[in-house]
Amino acid sequence: MQSGESLRNYMKQPKLTELTLDTRGTKLLRAEAAKSKKIKITINIDQDSLYLLKRMADKTGAPYQKLLNQILKEGLKNDDRSESRLDRIEKELEKLKKKVA
């Protein structure tokens, strides 16, 4: 991917004059979101990762937010990765102590 140029073209923003406010639709969306177990957040993600995620979404037909959620779930399932660095060091130290003793 070339610098941010490709991403800017991919994520073309509408002109403000073309936007309209749909208060009824917004209320319906908020009501649906309140029923769901999902929480809306804001994150910072690097351009390359977002570009690849959106390309993957285009290929699979799934929304990129859903793909991101699946990727996070898979990453968090692995206890070894979520284990703190200090915990891993302490376990290794205990193993070494047993070998030396």
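It should be emphasised that the depicted structure is a prediction, and the values quoted were computed from it without experimental measurement. (Residues numbered from 1 in each chain as written. Predicted model: local features only at pLDDT ≥ 70, side-chain atom pairs only at ≥ 80, totals over all residues. Heavy atoms only, no water.)

(A) Structural context of the overall build of the protein. Of the regular secondary structure elements, the protein holds 6 helices and 0 strands. Each helix (α) and strand (β) of the protein, taken in turn from the N terminus, gives the series α-α-α-α-α-α. Across the protein, every contact between residues at least 6 apart in sequence was considered, and the portion connecting residues at least 24 apart equals 43%. For the protein, the exposed area adds up to about 9900 Å²; of that, 55% sits on carbon and sulfur atoms. (Helix = DSSP H or I, 4+ residues; strand = E, 2+ residues; numbered from the N terminus. Contact = heavy atoms within 4.5 Å. Areas by Shrake-Rupley, 256 points an atom, 1.4 Å probe, with all protein chains shown as cover.)

(B) Seen up close, the packing of aromatic side chains. Taken as a whole and judged by the stated rule, the model has 0 aromatic pairs. Over the ring of Tyr64 we find Lys54; its NZ or CZ atom is 4.5 Å from the centre of that ring. (Phe/Tyr/Trp six-rings, centres within 6.5 Å; stacked < 30°, edge-to-face > 60°. Lys NZ or Arg CZ within 6 Å of the ring centre and 35° of its normal.)

(C) Layout of the confidence of the model for the protein. Averaged over every residue, the pLDDT of the protein is 83; residues scoring 70 or more account for 84%. Looking across the protein, the model is least confident in helix 5 (residues 79-82), with a mean pLDDT of 58, and most confident in helix 3 (residues 47-60), with 94. (pLDDT = per-residue confidence, 0-100.)

(D) Structural detail: a nonpolar patch on the surface. A cluster of nonpolar residues, Ile39, Ile41, Ile43 and Ile45, forms a patch on the protein surface that exposes about 430 Å² of accessible area. Within the secondary structure, Ile41 sits in the loop between helix 2 (23-35) and helix 3. According to the relative accessible area criterion, Ile41 is exposed, its value standing at 63%. (Patch = residues over 30% accessible without salt bridge, like charges linked within 9 Å, V, L, I, M, F, W, Y side chains within 5 Å. Salt bridge = Lys/Arg side-chain N within 4 Å of Asp/Glu carboxyl O. Buried < 20%, exposed > 50% of the residue type's maximum accessible area, 1.4 Å probe, protein only.)

(E) How the structure looks around the pattern of salt bridges. Evaluation of the coordinates by the stated rule reveals 2 salt bridges. Notably, a salt bridge pairs Lys95 with Glu92, separated by 3.6 Å at the nearest N-O pair. With Lys95 and Glu92 both in helix 6 (residues 85-100) and 3 residues apart, the pair spans about one turn of that helix. Residues Glu94 and Lys97 are paired through a salt bridge, measuring 3.8 Å at the closest nitrogen-oxygen approach.

(F) Fine view of helix 2. Its 13 residues place the ends of helix 2 19 Å apart at the C-alpha level, agreeing with the 18 Å of an ideal helix rising 1.5 Å per residue. The buried count for helix 2 comes to 1 of 13 residues, which makes it a mostly uncovered element. (Expected span 1.5 Å × (residues − 1).)

(G) Structural context of helix 3. Look at helix 3: 20 Å from first C-alpha to last across 14 residues, which is about the 20 Å you get at 1.5 Å a residue. All buried positions along helix 3 are accounted for by Leu50, Tyr51, Leu53, Lys54 and Ala57. What you see down the axis of helix 3 is that its buried residues fit within an arc of 165°, all on one side. Residues of helix 3 that are exposed and angled more than 90 degrees away from the buried face: Lys59 and Thr60. One side-chain oxygen at the N-terminal end of helix 3 lies 3.3 Å from the backbone nitrogen of Asp48; it belongs to Asp46. (Arc of directions from axis to C-beta. Polar contact = N/O pair within 3.5 Å; in protein donor to acceptor, adjacent residues only side chain to side chain.)

(H) Layout of the packing of helix 3 against helix 4 (residues 64-77). The N-to-C vectors of helix 3 and helix 4 enclose an angle of 110°; their axes lie 9 Å apart at closest approach. Judged by the inter-axis angle, helix 3 sits roughly perpendicular to helix 4. Residues Leu50, Leu53, Lys54, Met56, Ala57 and Thr60 of helix 3 lie in contact with helix 4, whose contacting residues are Tyr64, Leu67, Leu68 and Ile71. (Axes fitted to C-alpha atoms, helices over the stretch in contact; angles between N-to-C directions. Parallel < 35°, antiparallel > 145°, perpendicular 65-115°, else oblique.)

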